[in-house]
Amino acid sequence: MVRLRRLALYAALPLVAAPAVVAWRVVHGGGDAPTRPTYEQLVAKNYRVLTGTQSRALVSFAATLHACLVTHGGTAVAWPVASATRITMRAPGRSARELVRLLTSCDPAVGPPPAKSSLQARAGEIVLYLPKQCLLDPAQVGTTQS
C-alpha cells in the first residue's frame, strides 16, 4: 500500500510541477533574450514631438536657411514643410554630398541650428528635427560589446 502511494505521488509530481514551470516562464519573460531594436528602427523612431516654442525656433531657422540656400545656388531646394516631428526641405535630384556643400556655404551667414536640434542632409532632402537620443553610425564607430 505504501508503495502504491509512493508510485501515485511520483506520477502526480510532473502534473503539479508542469503548470508551476509554465507560470514561472510567463512571469519571468519566457526565458527568451529580449531582442534589441535595429539601427534602422531606432532612426525611424528618433523624433520628438515639437512644442510651440521649438516649432517656432525651427521654422524660423529653416526659413532663414532656405533663403540662404536659394542665394547660394540651391534653387531646387523647396520651401520648408513642417510636421509634428520635423521640418523637411525637398531637393529632388540632389545628393547628400551636394546638399552638405550648400549647407556649409550658408553656415557663416545662418549659424548653427537651434539648440539640441539636428540638421541633416539626405539624398533629395534636408531634415531639421529634435532627436530623442544621439545615434552614432555604427559603420563609422565600429561595434562595441555592452
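Since this is a predicted model, take the numbers as computed values, not measurements.

## Some remarks on the state of the cysteines
Applying the stated rule across the entire model yields 1 disulfide. Note on cysteine connectivity: Cys 68 is disulfide-linked to Cys 106, with sulfurs 2.3 Å apart. As the torsion about the S-S bond is roughly -105°, the Cys 68-Cys 106 disulfide counts as left-handed. Of this pair, Cys 68 sits in helix H3 (residues 52-71) while Cys 106 sits in helix H4 (residues 96-110), placing them 38 residues apart in sequence. The same class applies to Cys 68 as to Cys 106, namely buried.

## Focus: the pairing of strand E2 (residues 86-90)
In this sheet, E2 lies alongside strand E1 (residues 81-82) in antiparallel orientation, the contact comprising 2 bridges. Among the inter-strand pairings, Ala 82 is bridged to a residue of E2, identified as Ile 87. Here E1 folds back onto E2 in antiparallel fashion, the turn holding 3 residues. Here E2 pairs with strand E4 (residues 125-129) via 5 bridges, running antiparallel. In the strand pairing of E4, Ile 87 is matched with Leu 128.

## Description of the nonpolar core
The biggest cluster of nonpolar side chains holds 19 residues, and the ones touching the most others in it are Leu 65, Leu 69, Val 77, Met 89 and Ile 126. Those elements that place two or more of their residues in this core are H3, E2, H4 and E4. Considering each element in turn, this core owes the most residues, 6 residues, to H3. The residues contacting Leu 65, other than those within four sequence positions of it, are Met 89, Leu 103, Cys 106, Val 110 and Leu 119.

## Some remarks on unusual backbone geometry
Located in the positive-phi region is Lys 116, a residue other than glycine, with phi close to 65°. Look at Lys 116 and you get exposed, because its relative accessible area is 72%.

## Details of the sheet that holds E1
With respect to topology, 4 strands assemble into an open sheet ordered E1-E2-E4-E3, the strand pairing being antiparallel. The open sheet has two edge strands, E1 and strand E3 (118-122), and neither has a second partner. The sheet contacts of H3 involve E1, E2, E3 and E4, and relative to E2 the element is tilted by about 15°. In the packing of H4 onto the sheet, contacts are made with E3 and E4, and the angle to E3 comes to roughly 135°.

Definitions and cut-offs
Residues numbered from 1 in each chain as written. Predicted model: local features only at pLDDT ≥ 70, side-chain atom pairs only at ≥ 80, totals over all residues. Heavy atoms only, no water. Disulfide = S-S within 2.5 Å. Helix = DSSP H or I, 4+ residues; strand = E, 2+ residues; numbered from the N terminus. Buried < 20%, exposed > 50% of the residue type's maximum accessible area, 1.4 Å probe, protein only. Pairing = 2+ DSSP bridges. Core = buried A, V, L, I, M, F, W, Y, C linked by side-chain atoms within 4.5 Å. Contact = heavy atoms within 4.5 Å. Axes fitted to C-alpha atoms, helices over the stretch in contact; angles between N-to-C directions.

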